[in-house]
Amino acid sequence: MSRLLYQGVEGVADLSESLKTGSLILDPCPLIPDEDPKLREECGVMAVYGHPEAARQVYLGLYALQHRGQESAGIASANGQNLSNIKGMGLVSEIFTENVLSKLPGELSIGHTRYSTTGDSALLNAQPIRVDSTKGLIAIAHNGNLVNLGTLRAKLERAGAYFQTTSDSEIIVQLIAHSKAGSLVDAIADSLGQVEGAFSIVMMTRDRIFAARDPRGFRPLSMGRIRNADGPDTIVFASETCAFDLLRAEYERDVMPGELVMVSADGVTSRQYASGFQQTSCVFEQVYFARPDSRIYGRWVQESRDQMGRQLARESGVPADVVVPVPDSGVTAALGYAEEAKLPFRFGLIRNHYVGRTFIEPEQKVRDFGVKLKLNPVRNLLEGKRVILIDDSIIRGTTSRKIVRMVRGAGAKEVHLRISCPPTISPCFYGVDTPSKRDLIAANKSVEEIRQFIEADTLAYLSLDGLLKCCDDGPHGIHGTDYCTACYTGVYPTQWVDVDEILPAQTDRYEVQLKLTEVN
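Every value quoted in this text rests on a predicted model; they were computed, and no experiment measured them. (Residues numbered from 1 in each chain as written. Predicted model: local features only at pLDDT ≥ 70, side-chain atom pairs only at ≥ 80, totals over all residues. Heavy atoms only, no water.)

1. Digging into the overall build of the protein chain
Rule in force here: Secondary structure follows DSSP: runs of H or I at least 4 residues long count as helices, runs of E at least 2 residues long count as strands, and numbering of each begins at the N terminus. Only protein chains enter the calculation, and the probe is 1.4 Å; a residue is then buried if its accessible area is under 20% of its type maximum, exposed if over 50%, and partly exposed in between. Contacts are residue-level and defined by heavy atoms, with any inter-residue pair within 4.5 Å sufficient. Note on areas: Shrake-Rupley, 1.4 Å probe, and residue coverage restricted to the protein chains presented here.
Helix and strand counts for the protein chain come out as 17 helices and 28 strands. For the protein chain, with 520 residues in total, the buried portion stands at 58%. Counting contacts in the protein chain only where the partners sit at least 6 residues apart, residues at least 24 apart contribute 72% of the total. Entry remark: accessible area of the protein chain is about 21200 Å², with carbon and sulfur atoms responsible for 49%.

Here it is, written out as C-alpha cells:
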C-alpha cells in the first residue's frame, strides 16, 4: 500500500483522509550512510497530447527518466472536462499500479519524477502541482530552480496568493493566476518573463498542453511525435529523448530557450516569449546527469562522454595495464580513454544494482560499508596491475578515497584516478543538488592535496577547454560557449544568489487543504 495524494473529480468518492502537515516519507528504514553522494538532478518532466491512454504513456516515459529523481513521482491527466492528479513518495513503479492509472483518464497528460533541491522532501511538494485559479485549472511539472523565488513569493502573498506548497514551482502557477493578461497564453508568457533561473516546464489545462524553457536554456526539454496512421499525431515532450524510444516516438526538435509551445486541438503553435540572452545550458547534463542514450541540446550524450575519455587520455596519459570505470557513470568515458590509450578496458568494479534508497545497516559496523555495499572489486582483474580508474567527478572526496582503497586492497600495484570533467569548485543554483563551497574538496584543496587525500598514485582532471571541445556539436549544433560552467569556474550567468536563499522552506507555515488516499 502506497500513500498517495489524489486530486480528482469533485463528487467522486476517493476514500480520503485529511493530510497532516509535515514530511511524508514512505520507508521508515534508515538511509544508507553516504558521505559523498553524486551530484543529483532535481527532476525529469514528461507530457503527452493526443493519445487515448496518455497517462500510461507518461508512466512509461517516467520509467525512462527515473534516474533524474527517485524521491517522488506524479502524473496528471485530463479529458477535456476534468483534470485529475495523483502523486506519491517513492519510485514510479511503487506508485503507479494498474488501479492507480485507471484513475487518470484522458488524452492528455503530464508527469514528473523528483529529487528535491528547493522545497521540503514531502508529499505536498511532489509534482505535478495543481492549482484552481481565475485562469482555470492548471497543473505544472518543473525541472530546475528559480533564483528570485523569495522576492516573487513575498510579492504574490501581498497580492493575496495562497500557496499550497513550499516548492518554487508553484510560484509560476501563481504568477499565471495573478497575471492581468487577457488570455491564458499571454498570462503564461508574461509570468515566465518574470522568473529568473532555470526551468524546463510542462503545463496542462483541461484541454491544452504547454511546454517552455527558460531564456538561457539551462535544462533540457525535447519535443517528439508518435505518428498515427488513423488520426492526428501524438505530441510528446520529455527532459530526455530516451523517454521517446520507449514510446516509439520520433525526436523532432528541442524546445528552444525562451520558447513557449502550445498543443491543442488546433495543432502545435509556438511563440518566443523572451530573446537576447546568451545560451548557458548545463554542461553537467553531458558529463553525468543524462542517460548515454539520450540526445541533449541536440547532441548525443554517448558521443560527448566518449570524447571526454579520449581527451582525458591525450591530456593526462600514464603507463598502465588496464582501464577500469567506476560504474555506472564512468563507463563511457573509460571506453573512450581505453581506445585512445590503446589499453585493455575491464569491469574491475562490479556494481550492485539492487541497492534501494534504504537499507538496514548491520549492528556490527563495517568500514566503508556504504561503498562496499554498492561496489565490489574483481580481484583477478586488478591484482598486480597498474590500474587507471575513470570517474565523472569528485565532490567531497570521501567516496573516491574508499574506492581507491578498495582497488588497492584487491591487489592493484598502482592506482591512477582520472576524472572526465574539471574540478567542481562552486555550488549550482540552477536545479542541481550541490554541497556548499566549504564541502567541495576542489574548492579548498589543490589537485595534489586531493591526490594525497584520496591516496591515489596520480590524479588528473579533464581541462575545461577540453571538456567544452568534447561537448561542441560543430557549426550546426550547440557550441562550447553555449554551456554553463559555473560549477567549474564560479562565474554565474545570472545574478549570484546565496545558498541560504534556496534552502528548504518551513512547511508548517502553510496549511495544506488537500486529500490523501490509499490505493492498492
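2. What to know about the sheet that holds strand 8 (residues 129-133)
The line we're drawing: For two strands to be treated as a pair, DSSP must find no fewer than two bridges joining them. Axes, fitted as lines to C-alpha atoms, cover a helix only where it is in contact. Angles between the N-to-C directions of the axes lie from 0 to 180 degrees.
Overall, antiparallel pairing links the six strands, which are arranged 8-9-10-11-15-16 in an open sheet. What marks the edges here is a single partner per strand, and that holds for strand 8 and strand 16 (267-272). Here the average twist between neighbouring strands, direction ignored, is 20°. Where strand 9 (residues 136-143) meets strand 10 (residues 200-204), five bridges bridge the pair, whose relative direction is antiparallel. Bridging across to strand 10, N143 finds its partner in S200.

3. Focus on the nonpolar core
Most often, soluble globular proteins keep nonpolar side chains buried together rather than apart. Let me state the cut-off plainly: For this analysis, a nonpolar core means a set of buried residues of the types Ala, Val, Leu, Ile, Met, Phe, Trp, Tyr and Cys, connected via side-chain atoms within 4.5 Å.
L389, I394 and V407 are the most contacted members of the largest nonpolar core, which has 69 residues in total. The element that contributes the greatest number of residues to this core is helix 10 (residues 331-341), accounting for five residues. Among all residues touching L389, those that are not within four sequence positions of it are V324, V326, L349, I403, V404, V407, V415, H416, L417 and R418. The next biggest cluster of nonpolar side chains, apart from the first, holds 29 residues, and it includes V173, L175, I201 and F210.

4. Remarks on the sheet that holds strand 23 (residues 386-391)
As summarised here, the arrangement of the four strands in space is 20-23-24-26, forming an open sheet in which the pairing is parallel. Looking at strand neighbours, the two that pair on one side only are strand 20 (322-325) and strand 26 (458-461), the edges of this open sheet. Adjacent strand axes in the sheet meet at a mean angle of 20°, parallel and antiparallel pairs treated alike. Across four bridges, strand 20 lies against strand 23 in parallel orientation. Within strand 23, the position partnered with V323 by the bridge is I388. Across the sheet, helix 10 touches strand 20, strand 23 and strand 24 (414-419), and the angle it forms with strand 20 is around 165°. Seen against the sheet, helix 13 (residues 398-409) touches strand 23 and strand 24 and runs at an angle of roughly 145° to strand 24.

5. Regarding the side chain of R216
Here is the rule we go by: Under the rule applied, a polar contact is a pair of N or O atoms within 3.5 Å (in protein, one hydrogen donor and one hydrogen acceptor; residues adjacent in sequence only if both atoms are side-chain atoms).
Within the secondary structure, R216 sits in the loop between strand 11 (209-213) and strand 12 (222-226). Owing to a relative accessible area of 14%, R216 belongs among the buried residues under this scheme. Looking at R216, its side chain comes within polar contact range of the main-chain oxygen of P493, at 3.5 Å. Look past the residues within four positions of R216 in its chain and what remains in contact with it is E196, P257, F277, Q278, Q279, T280, S281, P493 and T494.

6. Quick look at the pattern of salt bridges
Rules: Salt-bridge detection follows one rule: a side-chain nitrogen of Lys or Arg within 4 Å of a carboxyl oxygen of Asp or Glu.
Here the structure, examined in full by the defined rule, presents 25 salt bridges. When the shortest N-O distance is used, the salt bridge between R114 and E71 registers 3.1 Å. Placement of the pair is R114 in strand 7 (residues 108-114) and E71 in the loop between helix 1 (54-64) and strand 5 (72-78), with a sequence separation of 43 residues. With a closest N to O distance of 2.9 Å, D321 and R386 form a salt bridge. Placement of D321 in the loop between helix 9 (301-316) and strand 20 and of R386 in strand 23 is noted, with a sequence separation of 65 residues between them. Salt bridges sharing common partners tie together R225, R227, D233, E250 and E252.

7. Structural notes on the packing of helix 9 against helix 10
This is how it is decided: Our angle categories are set so that under 35 degrees counts as roughly parallel, over 145 as roughly antiparallel, 65 to 115 as roughly perpendicular, and the remainder as oblique. Two helices cross in a left-handed way if the nearer one is turned anticlockwise from the farther one by less than a right angle. They cross in a right-handed way if the turn is clockwise. Under the scheme applied here, ten amino acids are nonpolar (Ala, Val, Leu, Ile, Met, Phe, Trp, Tyr, Cys and Pro), four are charged (Asp, Glu, Lys and Arg), and all others, including Gly, are polar.
Running from N to C, helix 9 and helix 10 point in directions that differ by 45°, and their axes come no closer than 7 Å. Between helix 9 and helix 10, the crossing angle belongs to the class labelled oblique. Note on packing geometry: the crossing formed by helix 9 with helix 10 is right-handed. Along its contact with helix 9, which presents Q302, R305, D306, G309, R310, L312, A313, R314 and S316, the element helix 10 presents T332, A333, G336, Y337, E339, E340 and A341. For the contact of helix 9 with helix 10, the residue count by class is five nonpolar, five polar and six charged.

8. What to know about helix 9
Put simply, the rule is: Here a helix's expected span is defined as the number of its residues, less one, multiplied by 1.5 Å.
Between its first and last C-alpha atoms helix 9 spans 22 Å; for 16 residues at 1.5 Å apiece the expected length is 22 Å, and the two agree. Turning to helix 9, its buried residues number three or more, namely V301, S304, R305, D306, M308, G309, R310, Q311, L312, A313 and S316.

9. Some thoughts on the pairing of strand 5
Here is the key point about a regular strand: its side chains alternate between the two faces of the sheet. Counting buried positions along strand 5 yields seven of seven residues, so the element is predominantly enclosed. Of the two faces of strand 5, the one carrying S72, G74, A76 and A78 and the one carrying A73, I75 and S77 are both buried. As defined by bridge partners, strand 5 adjoins strand 6 (residues 83-89) across seven bridges and the pair is classed as antiparallel. Its bridge partner being in strand 6, S77 is matched across the sheet by S84. Between strand 5 and strand 6, which pair antiparallel and follow one another directly, the connecting turn spans four residues, one of which, G80, has a positive phi of 100°. Bridge analysis of strand 5 against strand 7 gives seven bridges, and the strand direction is antiparallel. Bridging across to strand 7, S77 finds its partner in S109.

10. So, helix 10
Restricting attention to buried positions, one finds in helix 10 the residues V331, T332, A333, A334, G336, Y337 and A338. Among the structural elements, helix 9, strand 20, strand 23 and strand 24 are those in contact with the buried residues of helix 10. Note on helix 10: the residue one or two positions beyond its end, K342, has a positive phi of about 55°.

11. Some points on the environment of R291
With respect to the helices, strands and loops of the structure, R291 is situated in the loop between helix 8 (284-289) and strand 18 (295-296). R291 sits in the partly exposed class, given a relative accessible area of 28%. Sequence separation between R291 and L65 is 226 residues; the distance between their C-alpha atoms is 8.6 Å. Ignoring anything within four residues of it in the chain, the contact list for R291 reads A64, H67, E240, C242, V301 and R305. At a separation of 3.4 Å, a polar atom in the side chain of R291 contacts the main-chain carbonyl oxygen of A64.

12. Quick word on unusual backbone geometry
Residue P128 follows Q127 across a cis peptide bond; omega there is 5°. A positive phi angle, near 55°, is found at Y297, a position not held by glycine. Position of Y297 relative to the elements: it lies in the loop between strand 18 and strand 19 (299-300).

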